[in-house]
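Single-letter residue listing:
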Amino acid sequence: MGERDDPGVIGRRVQRLRVERGLTQRQLAEPVYTPAYISTLESGRVRPSDDALRHLAGRLGVAFDELATGRSARLVTELRLRLTEAQRTLAVGETEAAAEQYAGLLDEAGTHGLPAEQAAALLGLGECALETGELVTGRQYFERAESCLAGAPLPTRVPALRGRAVAHYLAGELRYAVYLLESTLDELNRGGLHDPDALLLLYASAIGPYMDMGAHARAAQAAEFALALAPQSGDPALVARMHRSVARTLVAEGRLAEADASLAKAAELYRGLQIRTELANCHWMRGYVYAQDGQLERAEAELREALGMLSAKRAALYSSQVAVELADVLHRRGKSDEASALLHGVLDDLSPERGAVHSAAAHRLLGIIAEDARRTEEAEEHYVRALSLLERAGAAGDLADLCRLLGDLLRRTGRVEAALDAYRTGLGHRTAPGTTTLGPAPAQPPL
């Protein structure tokens, strides 16, 4: 039985509706109940059963929920329809308009005491904040959504938990993001709560943090689980997001043709759903695939397309991340001046608390460009700043590569002991990727 008003409130509501319709207590009661029961109910001295409320609702010509809670079913339905419209507004990249819609809906849901609708509006506001790079604000919205759903089953709370994890991930807090995702997966699987959409959302979201931490085996396993769950999911947007995330793991394994095919499936789904930001992310990942395969001209075209789409929709943080990928391709194509200008612009939008991994990637690439131009001190400064950011984020795979670059630079400038220290640090991160930051793997779904 769901939440409903106190007996006194329900009693007064029944009496008001009965009088408005010109019914006597006998007419309202018959043929199932007695006038005395109606009198007792209207005075608030008895708590009506669901069966009694259904009988009364039918006689009074109102919905059960309206009689039990005072909220008309029409109001709730209209609110949910507007939540769906706000979701679509966000999906097509109109983030500011979506945020305005969600804020208004949050106020209305609060006024009418609708916790599920409040949670949906808070989730939408959290997603809007992630789009615009307001990570702390986004995390707070997701936390409030969790509070609204405190009594709900775990699968219902997964989108809020996942949103909070993504906010931490984008802020560079990789270990905590993985902890949130893995602990939720473990609870779902150990508890037999095998909700395909919830599991798919969590596994797809874990791939990025795993990859940045150098935990490639776990990323590959999460990708396999996500692919196995996809046919059971009724959410095409979720399936599309999964295909985009899986592609990153396939690239790491050298399965470039499969990665490209996975991205093509995601792009087709998103195009049909008109989800512009996610479609831009597909171009981003496709550019990444081409870059790994040495197809630099195609990679540049895809990344420029992604950057244009994201910038037009004001997805600030994602735009900065794509810009770093594009700058790497430009540098490899001999356009180092353009790459450097792009990276310096990006660093204005990133910080240790907001995009730490990509901020480190920007400094790393600026160090390589400076080193190529024989500006040794400038290169070392960028490498050291990148190292500090990656150590804070726990990005083991990237740390190992950066230590090699820094060690090579130090060795070439005659600082052999310092170079050895850098190499040892890098080897420490390379020997067992992820093992210094990850605990036991979460329980697995029964696939």
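None of these values were measured; they are calculated from a predicted model.

**Focus: the overall build of the chain**
In step 1: The helix and strand inventory of the chain stands at 23 helices and 0 strands.
In step 2: Overall size of the chain, expressed as C-alpha extent along the three principal axes, is 100 × 40 × 35 Å.
In step 3: Among the 447 residues that make up the chain, the fraction classed as buried is 50%.
In step 4: Looking at the chain alone, contacts between residues at least 24 apart form 61% of all its contacts between residues at least 6 apart.
In step 5: Across the chain, the centroid of the 51 positively charged side chains sits 4 Å from that of the 61 negatively charged ones.

**Here's the deal with the packing of helix H19 (residues 336-347) against helix H20 (residues 356-372)**
In step 1: H20 packs onto H19 with a crossing angle of 150 degrees between their chain directions and a minimal axis gap of 10 Å. In terms of orientation, H19 and H20 fall into the roughly antiparallel class. Between H19 and H20 lies a crossing of left-handed hand. In this structure, H19 contributes Ser336, Ala339, Ser340, Leu343, His344 and Leu347 to the contact, and H20 contributes Ser359, Ala362, His363, Leu365, Leu366 and Ile369.
In step 2: Of the residues in the contact of H19 with H20, the class split is 7 nonpolar, 5 polar and no charged.

**Details of the UniProt feature "domain: HTH cro/C1-type" (unreviewed entry) in the chain**
In step 1: With numbering matched to this structure, UniProt assigns "domain: HTH cro/C1-type" (unreviewed entry) to residues 14-67.
In step 2: The straight-line gap between the two end C-alpha atoms of residues 14-67 is 7 Å; of that span, 65% is helix and 0% is strand.

**Focus: the pattern of salt bridges**
In step 1: One pass over the full model with this rule turns up 24 salt bridges.
In step 2: Notably, a salt bridge pairs glutamate 127 with arginine 162, separated by 3.0 Å at the nearest N-O pair. Of this pair, glutamate 127 sits in helix H8 (residues 115-132) while arginine 162 sits in helix H10 (residues 154-170), and the two are 35 residues apart along the sequence.
In step 3: For glutamate 127, a relative accessible area of 24% puts it in the partly exposed group.
In step 4: Salt-bridge contacts for aspartate 401 lead to arginine 404; the nearest nitrogen and oxygen are separated by 2.9 Å. Of this pair, aspartate 401 and arginine 404 both sit in helix H22 (residues 396-412), separated by 3 residues, roughly a single helical turn.
In step 5: Since its relative accessible area comes to 40%, arginine 404 is described here as partly exposed.
In step 6: Counted as one network, the salt bridges with shared partners bring together Glu300, Arg304, Arg333, Lys335 and Glu338.

**Quick notes on the domain arrangement of the chain**
In step 1: Structurally, the chain comprises domain 1 (7-70), domain 2 (235-312) and domain 3 (315-430).
In step 2: Using only C-alpha atoms to locate each centre, domain 1 and domain 3 end up separated by 71 Å.

**Some details on the packing of aromatic side chains**
How two aromatic rings sit relative to each other is given by the distance of their centres and the angle of their planes.
In step 1: In total, this model carries 3 aromatic pairs according to the counting rule given.
In step 2: Here the aromatic rings of tyrosine 33 and tyrosine 37 are separated by 5.1 Å at their centres, their planes lie at 20 degrees, and the arrangement is stacked.
In step 3: Residue classification places tyrosine 37 among the partly exposed positions, given a relative accessible area of 22%.
In step 4: Arginine 54 extends its terminal NZ or CZ atom over the ring of phenylalanine 64, reaching a point 5.0 Å from the ring centre.

**As for the side chain of histidine 168**
In step 1: Take histidine 168: it is sitting in helix H10.
In step 2: Assessed through its relative accessible area of 8%, histidine 168 is described here as buried.
In step 3: In contact with histidine 168, not counting residues within four places along its chain, are Arg139, Glu173, Tyr176, Ala177 and Leu180.

**Some points on helix H11 (residues 174-190)**
Each turn of an α-helix holds 3.6 residues, which means side chains three or four residues apart point in the same direction.
In step 1: Under the 1.5 Å per step criterion, the end-to-end length of H11 is 24 Å for 17 residues, consistent within 8% with the ideal 24 Å.
In step 2: Taken as a whole, H11 has its buried residues at Leu174, Ala177, Val178, Leu180, Leu181, Glu182, Thr184, Leu185, Leu188 and Asn189.
In step 3: Against the buried residues of H11 lie H10, helix H12 (196-213), helix H13 (216-229), H20 and helix H21 (376-393).
In step 4: Glycine 192 sits one or two residues past H11 and shows a positive phi near 70 degrees.

**Thoughts on the side chain of serine 205**
In step 1: Tracing the backbone through its elements, the reader meets serine 205 in helix H12.
In step 2: A relative accessible area of 12% places serine 205 in the buried class.
In step 3: Only 3.1 Å separates the side chain of serine 205 from the side chain of arginine 162, close enough to count as a polar contact.
In step 4: In terms of polar contacts, serine 205 uses its side chain to reach the backbone carbonyl oxygen of leucine 201, at 2.7 Å.

Rules of the game
Throughout, a residue's number is its position along its own chain's written sequence, starting from 1. The predicted origin of the model limits local features to residues at a pLDDT of at least 70 and limits the giving and counting of side-chain atom pairs to 80 or more, whereas totals for whole chains, interfaces and linings rest on all residues. Side-chain figures throughout are based on the complete set of non-hydrogen atoms in the structure, without hydrogens or water. Numbering of helices and strands runs from the N terminus, with a helix taken as a DSSP run of H or I at least four residues long and a strand as a DSSP run of E at least two residues long. For every residue, the accessible area (1.4 Å probe, protein chains only) is compared with the maximum for its type, and the residue is labelled buried under 20%, exposed over 50%, or partly exposed between those bounds. Note on contacts: a residue pair is in contact if any heavy atoms of the two residues lie within 4.5 Å. Just so you know, the count uses Lys and Arg for positive and Asp and Glu for negative, and it drops His and the chain ends. For the purpose of locating charges, the reference atoms are NZ of Lys, CZ of Arg, CG of Asp and CD of Glu. As a rule, the C-alpha atoms of each element are fitted with a line to give its axis, helices using only the stretch in contact, and angles between N-to-C directions run from 0 to 180 degrees. Our angle categories are set so that under 35 degrees counts as roughly parallel, over 145 as roughly antiparallel, 65 to 115 as roughly perpendicular, and the remainder as oblique. Crossing chirality is assigned from the near helix's rotation relative to the far helix, an anticlockwise turn below a right angle marking it left-handed and a clockwise turn marking it right-handed. Residue polarity is assigned by list, with Asp, Glu, Lys and Arg as charged and Ala, Val, Leu, Ile, Met, Phe, Trp, Tyr, Cys and Pro as nonpolar; anything else, Gly included, falls into the polar class. UniProt positions are given in the numbering used here, feature names are shortened, and annotations may be inferred rather than shown by experiment. A pairing counts as a salt bridge when a side-chain nitrogen of Lys or Arg comes within 4 Å of a carboxyl oxygen of Asp or Glu. An automatic or database domain assignment is the source of the domain bounds shown. Stacked, tilted and edge-to-face pairs are distinguished by plane angle, under 30 degrees for stacked and over 60 for edge-to-face with tilted covering the rest, among Phe, Tyr and Trp rings (Trp via its six-membered ring) whose centres lie within 6.5 Å. Comment: the charge-over-ring label is applied if NZ (Lys) or CZ (Arg) is within 6 Å of the ring centre and within 35 degrees of the ring normal. A helix is expected to span 1.5 Å for every residue after the first. Pairs of N or O atoms within 3.5 Å make up the polar contacts considered here, provided that, within protein, one atom can donate a hydrogen while the other can accept it, and that residues adjacent in sequence are counted only when both atoms are side-chain atoms.

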